[in-house]
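Analysis of the macromolecular model
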Amino acid sequence: MIKAALFDFNGVVLTNTDLETFRAAAKARGVWFPLFLARYCLHNCAHLTGKMGSRDFWSRVLAGGKPLTDGEYERLLVQPYRRNTFIREVGELVAALRRRGVKCVLLTNTSEYQVAANRALKRYAGFDALVLSNEAYCMKPFPSAFRLASQTAQAAPSETVFVDDSWYNVWMARLLGFKA
């Protein structure tokens, strides 16, 4: 019997235009995209687990440490993220599951500017609980994030469905006993 459902957010519940946003930001700052990707990968774990703030992260990625201005940060990152939209069918699925008594929890790798935008726009309202990487200090695909989400949902992995758009997160969930 399924008691809980864990959902990724960006790309599953909300449209995800990160790649387009990142390409545009790199171009606007004159950063060669392969260098952008290298810097992004180098600092992303610290960013998504709350050990590095979004401003510092993006300043490192987009300029090698030269701070972004307030206007650049807002225009290049925050505004494009805020334009992402709900995937209606997923919202309907979450509502239907909750009506049937299935606890729906977000388990998502995210950053402070995304969380702030999502809270301001009330995008988390349809969920029973949130496990946000930057606040929980752990991220998918590491087992600690899945364990925390399972505890939050008060359901064993075998009683939980996990939905994500990244193969490595689905793979880890399956290894840990989730239906993914």
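Notes on the structure in this doc start here. Every value quoted in this text rests on a predicted model; they were computed, and no experiment measured them.

**Some details on the layout of surface pockets**
In this structure, the largest pocket occupies an estimated 540 Å³ of space. For the lining of the largest pocket, the elements supplying multiple residues, two or more each, are helix H1 (18-29), helix H2 (33-48), helix H3 (54-63), helix H6 (112-120) and helix H9 (167-175). Here the residues of the lining of the largest pocket sort into 10 nonpolar, 10 polar and six charged.

**Quick look at helix H8 (residues 143-153)**
Those residues of H8 that fall on the buried side of the exposure criterion are Ala145, Phe146, Ala149, Ser150 and Ala153. For H8, the arc enclosing every buried residue in end-on projection is 135 degrees, short of the 170-degree limit, so these residues lie on one face. Every exposed residue of H8 that faces more than 90 degrees away from the buried side is listed here: Arg147 and Gln151. A positive backbone phi angle near 55 degrees is found at glutamine 154, which sits one or two residues after H8.

**Points about the packing of H1 against helix H4 (residues 70-82)**
Two elements in contact, H1 and H4, have axes separated by 10 Å at closest approach and are oriented at 170 degrees. For the element pair H1 / H4, the angle class is roughly antiparallel. Facing H1, whose interface residues are Thr21, Ala25, Ala28 and Arg29, H4 presents Glu72, Leu76, Leu77 and Pro80. For the contact of H1 with H4, a count of residues per class yields five nonpolar, one polar and two charged.

**Structural notes on the sheet that holds strand S3 (residues 129-132)**
Strand order in the open sheet made by the four strands is S3-S2-S1-S4, with parallel pairing throughout. The open sheet has two edge strands with one neighbour each: S3 and strand S4 (160-163). Going across the sheet, the axis of each strand differs from the next one's by a mean of 20 degrees, ignoring polarity. For strand S2 (residues 103-108) and S3, the ladder comprises four bridges, and the chain directions are parallel. Opposite valine 105, over in S3, you have alanine 129 as the bridge partner. Across the sheet, helix H5 (residues 88-99) lies against strand S1 (4-7) and S2, angled at about 155 degrees from S1, the strand it touches most.

Calculation criteria
- Residues numbered from 1 in each chain as written.
- Predicted model: local features only at pLDDT ≥ 70, side-chain atom pairs only at ≥ 80, totals over all residues.
- Heavy atoms only, no water.
- 1 Å grid on protein atoms, 1.4 Å probe; cavity = no way out; pocket = protein on both sides within 12 Å on 5 of 7 lines; lining within 4 Å.
- Points joined across faces, edges and corners; volume = space filled by probe spheres on them.
- Helix = DSSP H or I, 4+ residues; strand = E, 2+ residues; numbered from the N terminus.
- Nonpolar A, V, L, I, M, F, W, Y, C, P; charged D, E, K, R; others polar.
- Buried < 20%, exposed > 50% of the residue type's maximum accessible area, 1.4 Å probe, protein only.
- Arc of directions from axis to C-beta.
- Axes fitted to C-alpha atoms, helices over the stretch in contact; angles between N-to-C directions.
- Parallel < 35°, antiparallel > 145°, perpendicular 65-115°, else oblique.
- Contact = heavy atoms within 4.5 Å.
- Pairing = 2+ DSSP bridges.

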